[in-house]
Amino acid sequence: MEKEKYSEELNVAVRVVHMACGLCQKVQKGLLGNALDDDEVKSKDDDSLVTIADWSVQATVSWILSNTFGSENVSIVAEEDVQTLSKPESAGLLGKVVSTVNECLAQASRYGLEGPDKTLGPSEILEAISRCNSNGGPLGRHWVLDPVDGTLGFVRGGQYAVALALIDNAEVVVGVLGCPNYHMKRDRHNKHQQNHISSEVSVPSPDVLEEGCVMYSKKGTGEAWVQPTVYGDSKYEWPNFAKQVRVSPIDDPALATFCEPVERANSNHSFAAGLASSVGLRNKPLRVYSMVKYAAIAQGDAEIFMKFARAGYKEKIWDHAAGVLIVQEAGGVVTDAGGRSLDFSKGIYLESLDRGIVACSGTKLHEKLIGAVYASWESSSL
Ligand SMILES: Nc1ncnc2c1ncn2[C@@H]1O[C@H](COP(=O)(O)OS(=O)(=O)O)[C@@H](OP(=O)(O)O)[C@H]1O
Ligand SMILES: [Mg+2]
Ligand SMILES: [Mg+2]
Ligand SMILES: [Mg+2]
């Protein structure tokens, strides 16, 4: 792949994810400051949650991508729709989304992006959200957005992620993960510190990296990068420095750590525990909400991520695209539980996924785990 290909897309994606992280942190602080407001957190038909942050990030990213690349050129596959938000009784909720989005877009120039000339009204915001109704598919370019991944973690004050990827002819070519509550590793001696998003950088003092982070990568580069977030009380400003991340070198199961979803409803903890013990993992699992699990693998904080959803649940592409690319480019391996690559060509679902997802820092651990899945009689009952 030519070096410059997708550079502009990556550039815009990283900036808008930084903006979205600022938006989310502000909303999360507000949610946690008050008793949970009925108006700000809603249950969807499948009993999962959606908040003003989910809709507001989707509107913001949609508006920026359409304004930058032209709405006629932009296909976006994203999680949220406008059903609840367009109901007459949701006027208060919509009002909060409108002000949250406008406040965020007013910051666009700070990130070198173009914002709207005037405040957007409710119909423009609804239009921006509902424009993200593409079904993706095998041909052409599709942006894939999970505005808030790990909404449960978000409302509980825990980990969550803003995930944006670009798929081109079924391949994930750009991946950006904003992790507002996940810290980048401290590293005084990282020589690979630079910035491809801008030539002017704000340089860190080395041991104060306690901000959240934005991780990103471009297909075929063999590199993944992380930046601290820059909003609120952050010590950093845009344009920001970036540091290369790499998966953990540990390949001895006895020293490795695996992560998995927090909720039992989302992944079979006992099946994962069985696999862990059969390959000789000894550490307790790290249970983390959201795609921050992929960020943890890419940064070398853990070696394995396993997710085994219940039979009948179909994984969605926005829950994985950005994280999978970042882990792969950082040196890791991601497949389904049968050892096959994930297929992003079939629309909004990862169709024909075999049992679950296994991401590892290297092939040695990965082969052992896939072998253990095959060997496990339990796997047939998943
Ligand atoms: N039943 C079931 N099984 C498996 N996965 C499901 C299920 N229901 C939902 N989801 C999707 O899982 C996303 C959250 O995954 P996590 O790894 O963060 O799970 S957990 O909250 O830590 O338990 C979550 O993403 P968000 O909705 O963006 O939070 C969902 O897309
Ligand atoms: Mg959701
Ligand atoms: Mg999600
Ligand atoms: Mg989500």
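Just so it is clear, the structure is predicted and the values come from calculations on it, not from any experiment.

Looking now at the coordination of the magnesium ion (ligand 4). Around the magnesium ion (ligand 4), the donor atoms from the protein are Glu79 (OE), Asp146 (OD) and Val148 (O), and they sit 2.0 to 2.2 Å away. In this structure, the magnesium ion (ligand 4) lies 3.6 Å from the magnesium ion (ligand 2), and both are coordinated by glutamate 79. One end of the pair, glutamate 79, is in the loop between β3 (76–78) and α3 (91–105); the other, aspartate 146, is in strand β4 (residues 141–149), with 67 residues separating them in the sequence. Owing to a relative accessible area of 0%, aspartate 146 belongs among the buried residues under this scheme.

With that settled, consider the nonpolar core. If you look at the biggest cluster of nonpolar residues, it comprises 110 residues, and the most contacted ones within it are Ile64, Phe154, Leu164, Val176, Leu177, Tyr294 and Phe344. With 13 residues, the single largest contributor to this core is helix α1 (residues 7–33). Residues in contact with tyrosine 294, not counting those within four places in the same chain, are Leu177, Phe305, Asp319, His320, Gly323, Val324, Val327, Val334, Ile357 and Ala359. Within the second largest apolar cluster, 19 residues are counted, among which are Ile304, Val358, Cys360 and Leu365.

Moving on: the site of ligand 1. Around ligand 1, the structure places 20 residues, and the nearest of them are Val262, Glu263, Ser290, Lys293 and Asp319. Interatomic distance of 2.9 Å between a side-chain N/O atom of lysine 307 and a nitrogen atom of ligand 1. Within the side chain of tyrosine 313, one N or O atom sits 3.0 Å away from a nitrogen atom of ligand 1. Protein contact buries 90% of the 650 Å² of open area that ligand 1 shows by itself. Here the element with the most residues in the shell around ligand 1 is β4; it accounts for three residues.

The next thing to look at is the pattern of salt bridges. In this structure the tally under the stated criterion is 16 salt bridges. When salt bridges with common partners are traced through the structure, they connect Glu9, Arg141 and Asp168 into a single cluster.

Right, let's talk about the UniProt feature "binding site: Mg(2+)" (unreviewed entry) in the protein for a bit. Following the UniProt record, one finds the feature "binding site: Mg(2+)" (unreviewed entry) at Glu79, Asp146, Asp149 and Asp319. A stretch of 241 residues holds the annotated residues, and the largest C-alpha distance among them is 9.4 Å, short enough that they meet in one place. When near neighbours in sequence (up to four residues on either side) are disregarded, aspartate 146 contacts Glu79, Ala161, Val162, Ala163, Met291, Trp318 and Asp319. For aspartate 319, the position within the fold is in the loop between β13 (304–307) and α8 (321–329).

With that settled, consider the coordination of the magnesium ion (ligand 3). Coordination of the magnesium ion (ligand 3) by the protein is provided by Asp146 (OD), Asp149 (OD) and Asp319 (OD), with metal-donor distances spanning 1.9 to 2.0 Å. Along the chain, the residues donating to the magnesium ion (ligand 3) fall in the pattern D-x2-D-x169-D. Between the magnesium ion (ligand 3) and the magnesium ion (ligand 2), the interatomic distance is 5.2 Å. Taken together, the residues aspartate 146 in strand β4 and aspartate 319 in the loop between β13 and α8 connect sequence positions 173 residues apart. Judged on exposure class, the residue aspartate 146 and its partner aspartate 319 are both buried.

Packing of helix α2 (residues 52–69) against helix α4 (residues 122–130) brings their axes to within 8 Å, and their N-to-C directions diverge by 85°. Viewed along their axes, α2 and α4 adopt a mutual orientation that is roughly perpendicular. Across the interface between the two elements, Trp55, Gln58, Ala59, Ser62 and Trp63 of α2 pack against Ile125, Ala128 and Ile129 of α4. Looking at the contact of α2 with α4 residue by residue, the class counts come to six nonpolar, two polar and no charged.

In this fold, asparagine 240 is placed in the loop between β9 (224–228) and β10 (242–245). At 2.5 Å, the side chain of asparagine 240 forms a polar contact with the backbone oxygen of proline 228.

Looking at α4, one finds that the buried residues are Ile125, Leu126, Ala128 and Ile129. Down the axis of α4, the smallest arc covering the buried residues is 160°, so these residues share one side. Elements that come into contact with the buried residues of α4 comprise α2 and α3.

All told, the structure shown has six aromatic pairs when counted by the stated rule. Taking 5.9 Å as the distance between ring centres and 50° as the angle between the ring planes, the aromatic pair formed by tyrosine 111 and tryptophan 238 counts as tilted. Pair noted here: tyrosine 111 is in the loop between α3 and α4 and tryptophan 238 is in the loop between β9 and β10, with a separation of 127 residues, a long-range link. Assessed through its relative accessible area of 10%, tryptophan 238 is described here as buried.

This paragraph deals with the sheet that holds strand β14 (residues 333–336). Read from one edge of the open sheet, five strands run β12-β11-β13-β15-β14, paired in mixed fashion. A strand with exactly one partner marks an edge of an open sheet, and here the two such strands are β12 (286–287) and β14. Together, β13, β14 and β15 (357–360) form the strand contacts of helix α9 (residues 363–375), whose direction differs from that of β15 by roughly 155°.

Of all six residues that make up strand β8 (residues 213–218), six are buried, and the element is covered over most of its length. Where strand β6 (residues 171–179) lies against β8, six bridges are found, and the strand directions are antiparallel. Bridging across to β8, leucine 177 finds its partner in methionine 215. Note that β8 and β9 share five bridges and pair antiparallel. Across the sheet, residue tyrosine 216 finds its bridge partner in β9, namely tryptophan 225.

Conventions and cut-offs
Residues numbered from 1 in each chain as written. Chains lettered and ligands numbered in written order. Predicted model: local features only at pLDDT ≥ 70, side-chain atom pairs only at ≥ 80, totals over all residues. Heavy atoms only, no water. Donors = N, O, S within 2.8 Å, 3.2 Å for Na, K, Ca; no water. Helix = DSSP H or I, 4+ residues; strand = E, 2+ residues; numbered from the N terminus. Buried < 20%, exposed > 50% of the residue type's maximum accessible area, 1.4 Å probe, protein only. Core = buried A, V, L, I, M, F, W, Y, C linked by side-chain atoms within 4.5 Å. Contact = heavy atoms within 4.5 Å. Near = heavy atom within 4 Å. Polar contact = N/O pair within 3.5 Å; in protein donor to acceptor, adjacent residues only side chain to side chain. Areas by Shrake-Rupley, 256 points an atom, 1.4 Å probe, with all protein chains shown as cover. Salt bridge = Lys/Arg side-chain N within 4 Å of Asp/Glu carboxyl O. UniProt positions renumbered as here; feature names shortened; annotations may be inferred. Axes fitted to C-alpha atoms, helices over the stretch in contact; angles between N-to-C directions. Parallel < 35°, antiparallel > 145°, perpendicular 65-115°, else oblique. Nonpolar A, V, L, I, M, F, W, Y, C, P; charged D, E, K, R; others polar. Arc of directions from axis to C-beta. Phe/Tyr/Trp six-rings, centres within 6.5 Å; stacked < 30°, edge-to-face > 60°. Pairing = 2+ DSSP bridges.

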